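# Examination of the molecular architecture
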Amino acid sequence: MSLAAGAEWRAGGCHCGAVRFEAALPAKILAQDCNCSVCSMTGFIHVIVPESRFRLLAGEDRLTAYRFNTGTATHLFCQVCGVKSFYRPRSNPDGWSVNARCLDDAAALAITAAPFDGRDWERHGAALAYLSKEAP
Ligand SMILES: [Zn+2]
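Residues numbered from 1 in each chain as written. Predicted model: local features only at pLDDT ≥ 70, side-chain atom pairs only at ≥ 80, totals over all residues. Heavy atoms only, no water.

The coordination sphere of the zinc ion contains the protein donors C14 (SG), C16 (SG), C78 (SG) and C81 (SG), at a distance range of 2.3 to 2.4 Å. Because the angles between the 4 donor atoms bound to the zinc ion fall within 105 to 118°, the donor set is best described as tetrahedral. Mapped onto the polypeptide sequence, the residues donating to the zinc ion form the spacing pattern C-x1-C-x61-C-x2-C. The exposure class assigned to C78 is buried, which follows from its relative accessible area of 2%. (Donors = N, O, S within 2.8 Å, 3.2 Å for Na, K, Ca; no water. Tetrahedral: all angles 85-135°; square planar, octahedral: opposite > 155°, others 65-115°. Buried < 20%, exposed > 50% of the residue type's maximum accessible area, 1.4 Å probe, protein only.)

Spelled out as structure tokens, the structure:
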């Protein structure tokens, strides 16, 4: 698999370290700051990637799932520390959303978080679908 220009595997994980992942990301990242009911409570900043640009390294057995509303999204939390470092988003069920706050080198990356109106999900959700499309 070839990565997009400038993309590198960047590691992250939950607070206690049980859950560890890598996502192939450029140094300059456009993220989404969603105002929906669950994101506004958890402070999750979305970095959405295609399936092939995410890999779980450790902690699959420590994850617990939470679903609500349509049940499409699978919110994944570490059972030990409670942190949601990544999950399967409703907007991109063919990809993953990584929490920008959980990337090891978040401070070294140029992350721009654009507001996303997830509170009005039916109107805006489809606008994010392209983010999980595999590069041709
Ligand atoms: Zn943890």
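Below, the discussion takes up the sheet that holds strand β1 (residues 8-13). Taken in spatial order, the 3 strands line up as β1-β2-β5 in an open sheet, and their pairing is antiparallel. Unpaired on one side and paired on the other, β1 and β5 (54-58) mark the two borders of the sheet. Strand-to-strand twist across the sheet, computed as the mean angle between neighbouring axes with direction ignored, equals 30°. Direction of pairing for strand β2 (residues 20-25) relative to β5: antiparallel, over a ladder of 4 bridges. Note that in β5 the partner of A23 across the bridge is F54. (Pairing = 2+ DSSP bridges. Helix = DSSP H or I, 4+ residues; strand = E, 2+ residues; numbered from the N terminus. Axes fitted to C-alpha atoms, helices over the stretch in contact; angles between N-to-C directions.)

By secondary structure assignment, the location of I111 is in strand β10 (residues 110-116). Taking C-alpha positions, I111 is 6.6 Å from A31, a pair spaced 80 residues apart along the chain. If sequence neighbours within four positions are ignored, I111 has contacts with I29, A31, A100, L103 and A106. (Contact = heavy atoms within 4.5 Å.)

So, on to the sheet that holds strand β8 (residues 86-88). The 7 strands lie next to each other as β6-β7-β8-β9-β4-β3-β10, forming an open sheet whose pairing is mixed. Each having just a single partner strand, β6 (63-66) and β10 make up the two edges of the open sheet. In this sheet, neighbouring strand axes are inclined to one another by 35° on average, regardless of whether the strands run parallel or antiparallel.

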